[in-house]
Amino acid sequence: MERDYDGKNILENRQMNMNREFYEKLCACTAPERVKEQEPMARHTTFRVGGPADYFVSPSDSEEIKKLTELCKKEGVQYYIVGNGSNLLVSDDGYRGVIIAIGREMSGIEVRGEQIRAQAGALMSQIAGAYGGEMKDVIVQVTALDRDGNTIVLSQDELEFGYRTSAVMKRGCIVLEACIRLEKGSREEILMKMEDFKQRRITKQPLEYPSAGSTFKRPEGYFAGKLIQDAGLRGFTVGGAQVSEKHSGFVINKGGATAEDVNRLMQEV
């Protein structure tokens, strides 16, 4: 019989068994094909950077989200909710725990007159434009899971919208769907306005590079991009990360950037 003097192999085997058991429990909460192990987060962030998540799960409905979060809490495993990854910087070391991604599997859109009911995974580009307007002006209500796994409905007033803040963030809720009210208008005028917004984006924003959009908070009464440009940081580069030469409020992945490059650049700025 082989002897294991340092106990290392025994511990490794035990850990592998625990991991396999937890993986199987995740698969029991949703379809097995929706559960991935060691999934590179660079595939799921608009910065296109980020190391592997231990587990990456794409639930198909609110019940599966509830089961997954309850499992993680019971097993003492960290979890994090992501959407399209458009405002996310993931460490090069990845994420130790479970990433629960609300995406294409929960992207249904239903139109009823002037109201749109959209699941949390629906893209803004599929619902309505977001250039020059704010969601707080059109949201009627939001359906979410609270920290205890209860389904709640928050009205526009209860959402407490502010600049980069809301009751959803403060209360640690998971958004499941939103009801949006839009105004009727001329189809031709709306299409013209959409094209105008599209051209403004193309002209003013570095859409040809991976980024997280406007990166820095806007100082009250001023614009972050203008301050950064005035500080002589337009085009400032750390590794593969750069302050955009087109719009200084954007940090872009110029090519081959790491999360550490992006983080160091942001700290310097």
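Keep in mind that what you see is a predicted model, and the values were worked out from it rather than measured.

## Let's talk about the environment of Ile81
Relative to the elements of secondary structure, Ile81 occurs in strand β3 (residues 79–82). Beyond its immediate stretch of four places on either side in the chain, Ile81 contacts Ile100, Ile102 and Ile174.

## Some remarks on the environment of Asp230
Residue position: Asp230 is located in helix α6 (residues 224–230). The class of Asp230 is partly exposed, set by a relative accessible area of 48%.

## As for unusual backbone geometry
With the exception of glycine, most residues fall at negative phi, and the peptide bonds are largely trans. Although it is not a glycine, Arg48 adopts a positive phi angle of roughly 60°. The topology assignment puts Arg48 in the loop between β1 (35–40) and β2 (52–57).

## Re the side chain of Ser166
You can see Ser166 is positioned in the loop between β8 (151–155) and α4 (167–171). Using a relative accessible area of 9% as the deciding quantity, one classes Ser166 as buried. Excluding its chain neighbours within four sequence positions, the residues that come into contact with Ser166 are Leu159, Glu160 and Phe161.

## Comments concerning helix α2 (residues 62–75)
An ideal rise of 1.5 Å per residue puts 20 Å on 14 residues; α2 measures up with 20 Å between its terminal C-alpha atoms. Buried within α2 we find Glu64, Ile65, Leu68, Thr69, Leu71 and Cys72. Across the axial projection of α2, the buried residues extend over an arc of 160°, all falling on one side. Measuring from the side-chain oxygen of the N-cap residue of α2 to the backbone nitrogen of Glu63 gives 3.2 Å; that N-cap residue is Asp61. Directly after α2, the chain includes Gly76, whose backbone phi takes a positive value near 70°.

## Focus on the packing of aromatic side chains
Taken as a whole and assessed by the stated rule, the structure comprises two aromatic pairs. A ring pair is formed by Phe22 and Tyr55, whose centres lie 5.3 Å apart and whose planes are at 65°; its orientation type is edge-to-face. Taken together, the positions of Phe22 in helix α1 (residues 8–29) and Tyr55 in strand β2 put the pair 33 residues apart, joining distant regions of the chain. Both residues of the pair, Phe22 and Tyr55, count as buried. Centroid distance Tyr80 to Tyr95: 6.4 Å. Interplanar angle 55°. Geometry classified as tilted. Here Tyr80, found in strand β3, pairs with Tyr95, found in strand β4 (residues 95–101); they are 15 residues apart in sequence, far enough to count as distant. You can call Tyr80 partly exposed: its relative accessible area is 42%. Just above the ring of Tyr163 sits the side chain of Arg218; from NZ or CZ to the centre is 4.6 Å.

## A few points about the pattern of salt bridges
Oppositely charged side chains may form a pair once their charged atoms are brought near each other. One pass over the full model with this rule turns up 13 salt bridges. Linking Asp196 and Arg200 is a salt bridge whose minimum nitrogen-to-oxygen distance equals 2.9 Å. With Asp196 and Arg200 both in helix α5 (residues 187–204), this residue pair falls four residues apart, about one helical turn. For Arg200, a relative accessible area of 34% puts it in the partly exposed group. Where Lys246 meets Glu208, a salt bridge forms, and the shortest distance between an N and an O atom there is 3.7 Å. One end of the pair, Lys246, is in the loop between β12 (241–243) and β13 (250–253); the other, Glu208, is in the loop between α5 and β10 (211–214), with 38 residues separating them in the sequence. Classification of Lys246 as partly exposed rests on a relative accessible area of 38%. With relative accessibility at 52%, the residue Glu208 sits in the exposed group.

## Comments concerning the sheet that holds strand β9 (residues 174–181)
The antiparallel open sheet is built from five strands, whose spatial order is β5-β6-β9-β7-β8. Strands with a single pairing partner mark the edges of an open sheet, and in this sheet they are β5 (109–112) and β8. Each adjacent strand pair in this sheet contributes to an overall mean axis angle of 15°, direction not counted. Where strand β7 (residues 139–145) and β8 come together, five bridges link them in antiparallel fashion. Bridge pairing in β8 places Leu145 opposite Thr151. In the packing of α2 onto the sheet, contacts are made with β7 and β9, and the angle to β9 comes to roughly 150°.

Scoring rules and cut-offs
For every chain, the first residue of the written sequence is number 1, and numbering continues from 1 along that sequence. The predicted origin of the model limits local features to residues at a pLDDT of at least 70 and limits the giving and counting of side-chain atom pairs to 80 or more, whereas totals for whole chains, interfaces and linings rest on all residues. Computation of side-chain values covers all heavy atoms of the structure but excludes hydrogens and water. Secondary structure is summarised from DSSP: a helix means a run of H or I of at least four residues, a strand means a run of E of at least two, and numbering begins at the N terminus for each. Every residue pair with non-hydrogen atoms within 4.5 Å of one another is taken to be in contact. Accessibility here uses a 1.4 Å probe with only protein chains present; expressed as a share of the type maximum, an area under 20% marks a residue as buried, one over 50% as exposed, and anything in between as partly exposed. To estimate the expected span of a helix, count its residues, drop one, and scale the result by 1.5 Å. By definition, the arc is the one covered by directions from the helix axis to the C-beta atoms. Definition of a polar contact: a pair of N or O atoms within 3.5 Å, with one able to donate and the other able to accept a hydrogen when the atoms are protein atoms, and with sequence-neighbouring residues admitted only if both atoms are side-chain atoms. Two rings belonging to Phe, Tyr or Trp (six-membered ring only in the last case) form a pair when the distance between their centres is within 6.5 Å. Interplanar angles under 30 degrees mark stacking, angles over 60 mark edge-to-face geometry, and anything in between is tilted. Here, over-ring charges are defined by two tests on the NZ atom of lysine or the CZ atom of arginine: distance to the ring centre within 6 Å, and angle to the ring normal within 35 degrees. The salt bridge definition used is simple: a Lys or Arg side-chain nitrogen within 4 Å of an Asp or Glu carboxyl oxygen. A pair of strands counts as paired when DSSP detects no fewer than two bridges linking them. Every angle, taken between N-to-C directions, lies between 0 and 180 degrees, and every axis is a line fitted to C-alpha atoms, over only the stretch in contact when it is a helix.

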